[in-house]
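Commentary on secondary and tertiary structure
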Amino acid sequence: MPHSSGGGSHGGGSHGGSHHSSHSRSSSHGRGGSPFSYAPRLRTSRSYFPGAKTFFYYGSDNKPEFLYANMDVTKVGSGAKGLLWLILFVPLLIFLILGFSKTMFDIPVKLGSYPDTKIVIDDRTGILSPVEEENLRDKFEVFQYKTNITPAIITVNNEDWNKNYTSLENYAYDLYVNTFDDESHWLFVYSQPVNKTSGFVDWYWEGMQGDLTDKILTPGKTTRFNNNVQRKLLKDDCTVGDAFAEAVNEFSGTVMEVNVNWFLMPFALIALGIVGLCAFFVIDYHPFRAKKFKKMVDCSGEVIRQEACEYCGGTYVVGHHTSCPYCAAPVRPHDLAVDGEGRITGIIK
């Protein structure tokens, strides 16, 4: 059903519309343990610490960089943790981003088609001149073209409603439902007394919008429109017809703009942060870091010797290459001493 989009009065200003419409964890052990179960957490450092494994990789400055970790970083992100990230946290992250985007960004879409699109300008008080009516119709047509909402205006006298209705809003509601059979109109009702006995004219006005217009005529936008109409009606040199025509014309230029709900931004960031913390602390999986870890070489327990390539000058770790990791040129061969697990324990020559 239609509802107020707001309005105002000479003595009371403008008003808004009435839009409706310590933590415990379960533990599991053994091979069948849950991916949420307790497990050693990944610890990495650029400096050696007791019990750390040693890894190296080649950075952008043509020399190896070393990393120390309490577990095999080349396997971080594999198995159940990586799968859990893919099937649980990634879809949840996408759902949150899409959900908040839809809520935070109001993207207006023109109304669909409906039978009654005739613009109504019903001047029951005779306050609109023919020029004003023509101007109103022109501006209403532009607004209708941009939104497919059909605007209308009816002027009445205070005596038509103030004895039987408690407010102009209630009277405007009845005018809407008795004039239109759909929820796609935006009706303006302007009221003033029959006889103006003094310089002060006790006028009122009210907007009544159909429910289908809510996605376009949002509270924020209608509030700005209401304030604009109110300011124009208070001007001595602005007629009633011109006030509504100018306000609708200005509103047509911005009504279909995307509206950003900045109030929801902190909640969106909090929700995304919670998902990120769950991925970091619950399953201890770091997709971007895991990609980097895959390139690392385990050299734990080895005797590490570095040499410079004879061709490009880049430094590499002896015993892990037959060609330079930078320029692919052959490297100088060495006789290596290795233990039973294939680790380099010494360089003979």
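Use the structure listed above.
First, a word on what this report is: a plain description of the structure on this page. Since the structure is predicted, the reported quantities are computational estimates derived from the model, not experimental observations.

**A few points about the overall build of the chain**
A count of helical and extended segments in the chain gives 7 helices and 16 strands. A buried classification covers 38% of the 349 residues belonging to the chain.

**Comments concerning the sheet that holds strand β3 (residues 44–45)**
Strands sit in the order β3-β5-β4-β12 across an open sheet of 4 strands; the sheet is antiparallel. Both edges of this open sheet fall to β3 and β12 (297–298), since each of them pairs with a single strand only. Two strands pair when backbone bridges link them, and strand β4 (residues 53–58) and strand β5 (residues 64–69) are joined in this way by 6 bridges, in the antiparallel orientation. Among the inter-strand pairings, Thr 54 is bridged to a residue of β5, identified as Tyr 68.

**Examining the pattern of salt bridges**
Counted according to the given criterion, the structure contains 6 salt bridges. The shortest N-O distance in the salt bridge between Glu 307 and Arg 332 comes to 2.8 Å. Note that Glu 307 is positioned in strand β13 (residues 306–308) and Arg 332 in the loop between β14 (315–317) and β15 (336–338), a separation of 25 residues in sequence. Assessed through its relative accessible area of 40%, Arg 332 is described here as partly exposed. Salt bridges sharing common partners tie together Lys 232, Glu 246 and Glu 250.

**Some details on the packing of aromatic side chains**
Each aromatic ring pair is summarised here by two numbers: the centre-to-centre distance and the angle between the ring planes. Within the structure shown, the criterion is met by 18 aromatic pairs. Between Phe 143 and Trp 186 the ring centres are 5.6 Å apart and the planes differ by 45°, which places this aromatic pair in the tilted class. Highlighted residues: Phe 143 in helix α2 (residues 130–147) and Trp 186 in strand β9 (residues 185–192), separated in sequence by 43 residues. Comparing Phe 143 with Trp 186, the two get one shared label, buried. Ring plane angle 85° and centroid distance 5.6 Å describe the contact between Trp 205 and Phe 244, whose orientation is recorded as edge-to-face. With Trp 205 in strand β10 (residues 204–209) and Phe 244 in helix α5 (residues 240–252), this pair connects stretches of sequence that are 39 residues apart. The structure contains a cluster of three or more aromatic residues connected by ring pairs, namely Phe 140, Phe 143, Trp 186, Phe 188, Trp 205, Phe 225, Phe 244 and Phe 251.

**A closer look at the nonpolar core**
In this structure, Leu 233 and Phe 244 are the most contacted members of the largest nonpolar core, which totals 30 residues. Listed by contribution, the elements that provide at least two residues to this core are α2, β9, α4 (219–233) and α5. Ranked by size, the runner-up nonpolar core spans 13 residues in total, among them Ile 154, Tyr 171, Val 189 and Met 208.

**Here we look at the packing of α4 against α5**
As a packed pair, α4 and α5 sit with axes 9 Å apart at the nearest point and diverge in direction by 150°. Comparing their axes, α5 and α4 come out roughly antiparallel. As for how α4 packs across α5, the hand of that crossing is right-handed. Of the residues in α5, those touching α4 at Lys 221, Phe 225, Asn 228, Val 229, Lys 232 and Leu 233 are Val 240, Ala 243, Phe 244, Glu 246, Ala 247, Val 248, Glu 250 and Phe 251.

Conventions used here
Residues numbered from 1 in each chain as written. Predicted model: local features only at pLDDT ≥ 70, side-chain atom pairs only at ≥ 80, totals over all residues. Heavy atoms only, no water. Helix = DSSP H or I, 4+ residues; strand = E, 2+ residues; numbered from the N terminus. Buried < 20%, exposed > 50% of the residue type's maximum accessible area, 1.4 Å probe, protein only. Pairing = 2+ DSSP bridges. Salt bridge = Lys/Arg side-chain N within 4 Å of Asp/Glu carboxyl O. Phe/Tyr/Trp six-rings, centres within 6.5 Å; stacked < 30°, edge-to-face > 60°. Core = buried A, V, L, I, M, F, W, Y, C linked by side-chain atoms within 4.5 Å. Axes fitted to C-alpha atoms, helices over the stretch in contact; angles between N-to-C directions. Parallel < 35°, antiparallel > 145°, perpendicular 65-115°, else oblique. Left-handed = near helix turned anticlockwise from the far one by under 90°. Contact = heavy atoms within 4.5 Å.

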